[in-house]
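Close look at the chain arrangement
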Amino acid sequence: QDCVEDGVALVHTEALKINLVSVKRCKGDGVDVRGAQRGLKLTDVRASGIGDKAVSIGAAARVELRSLKVSVAAVGLSVKDGSYVLVDKVEVAQVTGAAIATFTKNSRFGKAVCVVRSLTDGSGGSADKLRLVRYGDTILSVNGAEVSPTPGALDQLYKLGWLGAR
């Protein structure tokens, strides 16, 4: 709570299961996962008042996430750089950049894959109106449908500072 940088950093974890992560008022990422190559399972993640990404997953991490609830963040879920993420349920409210973004920042890791079984708008709006960013050769599937690439969207998110520096 009240973090100057990232709230929780999980770096190169091995076969770890965490039942509840709650992060409030962080200037950086709420939860930053890097290199969890042997499997990370998160049951319930709640992030509110996040200045950057509520959850950022990169560096070829393998993550299963049961439930993610985001309220007030620049980006809800960011998946990049060869990571594979399977999410059962994402609920976002008041996300100013993108609800979910997949992209490549470091090409040596390969393409990112993110599958979200259920995405809802916690503000009561239609999930169809939430901004989804799929950039490059990444794969993003939401509510059973593959998301089309969104040219130019990644540049805009970087320009606004919502994905850090290139």
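Residues numbered from 1 in each chain as written. Predicted model: local features only at pLDDT ≥ 70, side-chain atom pairs only at ≥ 80, totals over all residues. Heavy atoms only, no water.

Describing the overall build of the chain
Quick note on the threshold: Secondary structure is summarised from DSSP: a helix means a run of H or I of at least four residues, a strand means a run of E of at least two, and numbering begins at the N terminus for each. C-alpha atoms define the radius of gyration, and 2.2 Å times the number of residues to the power 0.38 defines the globule rule. When accessible area is computed with a 1.4 Å probe and restricted to protein chains, residues below 20% of their type maximum are described as buried, those above 50% as exposed, and intermediate ones as partly exposed. Contact between two residues is taken to exist if any of their heavy atoms lie within 4.5 Å; hydrogens are not considered. For the area figures, the Shrake-Rupley method with a 1.4 Å probe applies, and any residue is considered shielded solely by the protein chains shown.
Each helix and strand in the chain was counted, giving 1 helix and 10 strands. Going residue by residue from the N terminus, the α and β elements of the chain occur as β-β-β-β-β-β-β-β-β-β-α. On C-alpha atoms alone, the chain measures out to a radius of gyration of 14 Å, which is about the 15 Å that the 2.2 N^0.38 rule sets for 166 residues. In the chain, which comprises 166 residues, the share counted as buried stands at 48%. Pairs at least 24 apart in sequence give 49% of the contacts found in the chain among residues at least 6 apart. In the structure as shown, the chain presents an accessible area of about 7,900 Å², 47% of it carried by carbon and sulfur atoms.

Points about unusual backbone geometry
Phi at H12 is positive, roughly 50°, even though this residue is not glycine. Among the secondary structure elements, H12 is positioned in the loop between strand 1 (8–11) and strand 2 (16–26). Classification of H12 as exposed rests on a relative accessible area of 52%. Even without glycine at this site, V72 takes up a positive phi of about 70°.

That is the geometry; function is a separate question.
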